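# Observations on the three-dimensional arrangement
These are the residues of each chain, in order.
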Amino acid sequence: RGQLWVNHFPYQVVEQGVRGFEADAQRRRLLLWRKDKLGVVEISALQHPETLVDPDSLVRWVFQDGRGIEQAFWIYDDSHVLFRDGPTVFLLNVETPGESTPRRLFTGRPSSAIAYVEAAGTVYYLDQHTRRFSALELFSKVIRTASPPPASHDRGSRVRTRPE
């Protein structure tokens, strides 16, 4: 159970324990998670099997101290990962070397899922203490940017004009 297979050699990327994955189509990579780990698989590496020294090197484990990772999302132009480890939600920078320590954002209600809306840059959850539906805007509060994400990041918005 929990194997990850692809249609390129070496075919089996992870032998067991995969709980989920999310694709980053623009950069051609996968975010995958196990109970205790978050990993990134570069799809381009699968297309050049002659460069693979060790099939285990296909997964770059970006976080290995989890206890019960249940959900993970690419966010902020797919440079960060938002993930839920048990009831606690973290943010992890996977692009900048040396910034591999996740930042704890909040603790939600145990056994409740989170939802991330990319167009709004916001994560929704049930508050641990009040049990109320809550939201946290990530772009301005966590990543420390005053400007909105680039237009290419906002995949859901459309500009409409009226014909004259």
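### Focus: the overall build of the chain
- Check the secondary structure of the chain and you find two helices and 13 strands.
- With 164 residues in all, the chain has 42% of them scored as buried.
- For the chain, contacts bridging at least 24 residues in sequence account for 36% of all contacts bridging at least 6.
- A total of about 10,200 Å² of accessible surface is found on the chain, and carbon and sulfur atoms cover 48% of it.

### Things to note about the packing of aromatic side chains
- According to the stated counting rule, one finds five aromatic pairs in the structure shown.
- Ring geometry for tyrosine 124 and phenylalanine 133: centres 5.6 Å apart, planes at 5°, overall stacked.
- Owing to a relative accessible area of 62%, phenylalanine 133 belongs among the exposed residues under this scheme.
- Through a chain of ring-to-ring contacts, the aromatic side chains of Phe63, Phe83 and Phe90 assemble into a single cluster.
- When the ring centre of tryptophan 61 is taken as reference, the NZ or CZ atom of lysine 37 above it lies at 4.9 Å.

### Some details on the confidence of the model for the chain
- For the chain, per-residue confidence averages 77 on the pLDDT scale, and residues scoring 70 or more make up 65% of the total.
- Counted against residues more than four places away or in other chains, residues 141–164, with its pLDDT under 50, gives 26 contacts.

### Remarks on the sheet that holds strand β7 (residues 69–75)
- If you trace the four strands from one edge of the open sheet to the other, you get β7-β8-β9-β10, paired in antiparallel fashion. Unpaired on one side and paired on the other, β7 and β10 (103–107) mark the two borders of the sheet. Strand-to-strand twist in this sheet, taken as the mean axis angle between neighbours without regard to direction, amounts to 20°.
- Alignment of strand β9 (residues 88–93) against β10, held across four bridges, turns out to be antiparallel. Note that in β10 the partner of threonine 88 across the bridge is threonine 107.

### What about the pattern of salt bridges?
- Summed over the entire model, instances satisfying the criterion amount to three salt bridges.
- When the shortest N-O distance is used, the salt bridge between arginine 29 and aspartate 24 registers 2.8 Å.
- Here aspartate 24 falls in the buried class, since its relative accessible area comes to 2%.
- Measuring nitrogen to oxygen at the nearest pair gives 2.8 Å for the salt bridge that ties glutamate 95 to arginine 29. Here glutamate 95, found in the loop between β9 and β10, pairs with arginine 29, found in strand β4 (residues 29–33); they are 66 residues apart in sequence, far enough to count as distant.

### Looking at the sheet that holds strand β6 (residues 59–63)
- Reading across from one edge, β3-β4-β5-β6 is the order of the four strands in this open sheet, with antiparallel pairing throughout. Edge positions in the sheet fall to β3 (20–24) and β6, since each has one partner strand and no second. Across the sheet, the axes of successive neighbouring strands diverge by a mean angle of 25°, strand direction being ignored.
- Examined bridge by bridge, strand β5 (residues 38–42) and β6 share four bridges and lie antiparallel to one another. Across the sheet, the residue bridging to glycine 39 is tryptophan 61, located in β6.

Criteria and cut-off values
- Residues numbered from 1 in each chain as written.
- Predicted model: local features only at pLDDT ≥ 70, side-chain atom pairs only at ≥ 80, totals over all residues.
- Heavy atoms only, no water.
- Helix = DSSP H or I, 4+ residues; strand = E, 2+ residues; numbered from the N terminus.
- Buried < 20%, exposed > 50% of the residue type's maximum accessible area, 1.4 Å probe, protein only.
- Contact = heavy atoms within 4.5 Å.
- Areas by Shrake-Rupley, 256 points an atom, 1.4 Å probe, with all protein chains shown as cover.
- Phe/Tyr/Trp six-rings, centres within 6.5 Å; stacked < 30°, edge-to-face > 60°.
- Lys NZ or Arg CZ within 6 Å of the ring centre and 35° of its normal.
- pLDDT = per-residue confidence, 0-100.
- Pairing = 2+ DSSP bridges.
- Axes fitted to C-alpha atoms, helices over the stretch in contact; angles between N-to-C directions.
- Salt bridge = Lys/Arg side-chain N within 4 Å of Asp/Glu carboxyl O.

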